[in-house]
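# What the coordinates show
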Amino acid sequence: MKKNHKNAIVVSLNEDISETLELALSLGYKTVKTFFQLRDKPDVNSYIGSGKVEEIKEFIENSNDDIDLVIINGEIKPSQWFILEKELNIDVYDRVRLILAIFEQRADRREARLQVKLAQLQYERPFVRELIHRARAGEHPGFMAGGEYQVDDYYEMIKKQMKKIKNELESIRGERELRRRHRHTGGFYLVSLAGYTNAGKSSLLNLLSNEKVKVEGKLFSTLSTTTRKIKNKDLPILLTDTVGFIQDLPAFIINAFHSTLEEIEVADVVILIVDISENIDTMVKKLKVSLDELIDLDVNSPIIIALNKTDLLSQQELLKKIEHIQKLGIVNDKKMIPVSAKTGYNINMLLETIYNVLPHLIGFKIKLPVNNETQSFISWIYEKTRVHEVSYNDFVTISGECNIRIHGIICSKCKEFKGLVIQ
Ligand SMILES: Nc1nc2c(ncn2[C@@H]2O[C@H](COP(=O)(O)OP(=O)(O)OP(=O)(O)O)[C@@H](O)[C@H]2O)c(=O)[nH]1
Ligand SMILES: [Mg+2]
């Protein structure tokens, strides 16, 4: 009978394995057994020590379940990986490779696919180097038929492929840059949804924009950014959903996703979504990881913390958790708003807070001649600004408020049409 899931074993040097179990499940692996080898430092040769390797090997050989994968709850060195796969005779993934495999499964658009491929090649490079080393020493005769020419060729191929992907990503980055500039000149405010994976970013985007972005209990459902227009009391806003954060992700993976994460850097306001329903230690750990990530991304804009999934806890528990966060002193003066993307609880309060922290609108008043050319400019003004008053006689006089970024455009267009800038 065909299984609808694959079986994995998780091996860990510490007891903190819940996230790795979730990652395994997100990739479609059921963890049938966990092995703990509690020690401060990994074994230099096999990460877990030869005794544990033997124990696992025996388990795999005698298990009634077919074991498809061994997952190491940590980062392994290429030499350790080589020994483990050789001894256990089964695929061995460490946590980073597991995350990359999830990314690969989820990558739905060209940019995401390229970003994942680049990160994978970067990850694999030292492992290929290890295989080359072993093949040369005659320890792995099967690899690339052992021929030195082919092995070198393979390494060259990875290098070339990485260069090609980087170039492609660079051109996509150019397109993204252009789109961003349009958004800015279009008078939109940019609001980004950021946060730990599974916190509810996509759910909040869906709620605020009536969208149907994929929402799942699995980790890393979202890998590509989605941007939707919303109106907040007449303010045109572009709301962007982003890839989730996770602890201990090597810098090269974060770098590969840099252009996607830039959506957070350029935002006028960042909404940091936190799953407040999780147990207090996990919640705090994830909040710290997320805040550090925002610091690394050099976010200078205001950050509003949306404490999501409040429908899953009592008011008393909620207050206790908020008090705990405040006492830790990690959120400084950032506003915290308890919400529920599921029930819609307090969403108006969140919108109100976003509205209040957005850069202020500035007033404008212009006088234009009335002709066909200025008509389309006037429609543009109606679309992008908050018009207060319009009066027609020989000229048309318009006054209103606009996003500070487009004030200059209004003035220069007005002069271009031989009009007068009054304010
Ligand atoms: N009870 C409850 N569940 C929620 C709420 N918001 C989101 N969820 C659930 O939490 C899970 C993750 O939600 P998503 O919106 O996919 O989270 P995300 O932050 O976009 O996750 P990734 O894209 O994987 O990083 C889903 O099962 C949602 O149904 C909420 O307010 N209450
Ligand atoms: Mg999502």
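Residues numbered from 1 in each chain as written. Chains lettered and ligands numbered in written order. Predicted model: local features only at pLDDT ≥ 70, side-chain atom pairs only at ≥ 80, totals over all residues.

## Considering the overall build of the protein chain
Each helix and strand in the protein chain was counted, giving 14 helices and 14 strands. On the principal axes, the C-alpha backbone points of the protein chain span a range of 90 × 60 × 45 Å. Relative to its full complement of 423 residues, the protein chain shows a buried share of 32%. Long-range contacts, defined here as pairs at least 24 residues apart, represent 68% of the contacts in the protein chain between residues at least 6 apart. (Helix = DSSP H or I, 4+ residues; strand = E, 2+ residues; numbered from the N terminus. Buried ≥ 20, exposed ≤ 12 C-beta atoms within 10 Å, placed from the backbone. Contact = placed C-beta atoms within 7 Å.)

## Here we look at the sheet that holds strand β4 (residues 91-94)
The parallel open sheet is built from four strands, whose spatial order is β2-β1-β3-β4. Pairing within the sheet leaves two strands with one partner each, and these edge strands are β2 (29-36) and β4. When the angles between neighbouring strand axes are averaged without regard to direction, this sheet yields 25°. One ladder, built from four bridges, connects strand β3 (residues 69-72) with β4; its direction is parallel. Counted as the bridge partner of Val 70 is Val 92 from β4. Against the sheet, helix α2 (residues 50-62) contacts β1 (6-12), β2 and β3, and its axis sits at roughly 145° relative to β2. Across the sheet, helix α4 (residues 95-106) lies against β3 and β4, angled at about 95° from β4, the strand it touches most. (Pairing = 2+ DSSP bridges. Axes fitted to C-alpha atoms, helices over the stretch in contact; angles between N-to-C directions.)

## What about the site of ligand 1?
Close to ligand 1 lie 23 residues, the nearest being Gly 200, Ser 202, Ser 203, Thr 222 and Gly 244. Among the elements that take part in the shell around ligand 1, helix α7 (residues 201-209) stands out by supplying three residues, more than any other. Looking at the shell around ligand 1 residue by residue, the class counts come to six nonpolar, twelve polar and five charged. (Near = placed C-beta within 6 Å. Nonpolar A, V, L, I, M, F, W, Y, C, P; charged D, E, K, R; others polar.)

## Overview of helix α9 (residues 258-265)
If you check which residues of α9 are buried, you get Leu 261, Glu 263 and Ile 264. End-on, the buried residues of α9 take up no more than an arc of 125°, which puts them together on one face. Looking at the buried side of α9, the elements it contacts are β5 (189-195), β7 (235-241) and β8 (269-275). (Arc of directions from axis to C-beta.)

## What to know about the domain arrangement of the protein chain
Assigned domains of the protein chain: these are domain 1 (6-103), domain 2 (107-168), domain 3 (187-357) and domain 4 (361-421). In this structure, domain 3 and domain 4 have C-alpha centres spaced 36 Å apart. In this complex, domain 3 contributes four residues to the contact, which on the side of domain 4 involves seven residues. Class assignment of the residues belonging to the side of domain 3 that touches domain 4 gives a composition of two nonpolar, one polar and one charged. (Domains from an automatic or database assignment.)

## Brief notes about the nonpolar core
Judged by nonpolar contacts, the single largest core of 78 residues is most densely connected at Ile 71, Val 191, Val 270, Leu 272, Val 274 and Ala 306. With six residues, the top contributor of residues to this core is β8. Contacts of Val 270, omitting those with residues within four sequence positions, involve Ser 192, Ala 194, Ile 264, Leu 294, Val 299, Ser 301 and Ile 303. Judged by nonpolar contacts, the second largest core, of eight residues, contains Phe 364, Ile 366, Ile 381 and Ile 406. (Core = buried A, V, L, I, M, F, W, Y, C linked by C-beta atoms within 7 Å.)

## Details of unusual backbone geometry
A positive phi angle, near 55°, is found at Asn 210, a position not held by glycine. Considering the arrangement of structural elements, one finds Asn 210 in the loop between α7 and β6 (226-232). With a phi close to 65°, Asp 298 is a non-glycine residue in the positive phi region. Its location among the elements puts Asp 298 in the loop between α10 (280-296) and β9 (303-308). The class of Asp 298 is exposed, set by 8 C-beta atoms lying within 10 Å.

## Some points on the packing of α4 against helix α5 (residues 110-136)
Interaxial distance between α4 and α5 falls to 10 Å at its minimum, and their mutual angle equals 155°. By the angle between their directions, the pair α4 and α5 is classed as roughly antiparallel. Read as a crossing pair, α4 and α5 show a hand that is left-handed. Taking contact as the criterion, the partners of Val 96, Arg 97, Leu 100, Phe 103 and Glu 104 in α4 are, on α5, Val 116, Ala 119, Gln 120 and Tyr 123. Class assignment of the residues belonging to the contact of α4 with α5 gives a composition of six nonpolar, one polar and two charged. (Parallel < 35°, antiparallel > 145°, perpendicular 65-115°, else oblique. Left-handed = near helix turned anticlockwise from the far one by under 90°.)

## A few points about the pairing of β3
Where β1 lies against β3, four bridges are found, and the strand directions are parallel. Counterpart to Ile 9 in the pairing with β3 is Val 70. Following the backbone out of β3, through helix α3 (residues 78-88) and into the adjacent parallel β4, one traces a crossover that is right-handed. (Right-handed = clockwise from strand over helix to strand, strands pointing away.)

## Structural notes on α5
Between its first and last C-alpha, α5 extends 37 Å over 27 residues, near the 39 Å set by a 1.5 Å rise per residue. Roughly 35° is the biggest bend found in α5, and it falls at Arg 125, with proline Pro 126 one to four residues downstream. Residues of α5 that are buried include every one of Glu 111, Ala 112, Gln 115, Val 116, Lys 117, Leu 118, Ala 119, Leu 131 and Ala 135, and no others. Where α5 ends, the next residue or the one after it, Gly 138, has phi of about 75°, a positive value. (Expected span 1.5 Å × (residues − 1). Bend = angle between axes of the 7 residues up to and from the residue.)

## Some points on the sheet that holds β8
If you walk across this open sheet you meet the six strands as β6-β7-β5-β8-β9-β10, and the pairing is mixed. Pairing within the sheet leaves two strands with one partner each, and these edge strands are β6 and β10 (335-338). Strand-to-strand, the axes of this sheet are offset by a mean angle of 25°, without reference to chain direction. The pairing of β5 with β7 spans five bridges and is parallel. For Val 191, the partnering residue across the bridge sits in β7 and is Leu 239. Of the strands in this sheet, β5, β6, β7, β8 and β9 touch α7, which is tilted by about 150° from β7. Across the face of the sheet, α10 comes into contact with β5, β8 and β9 while running at roughly 160° to β8.

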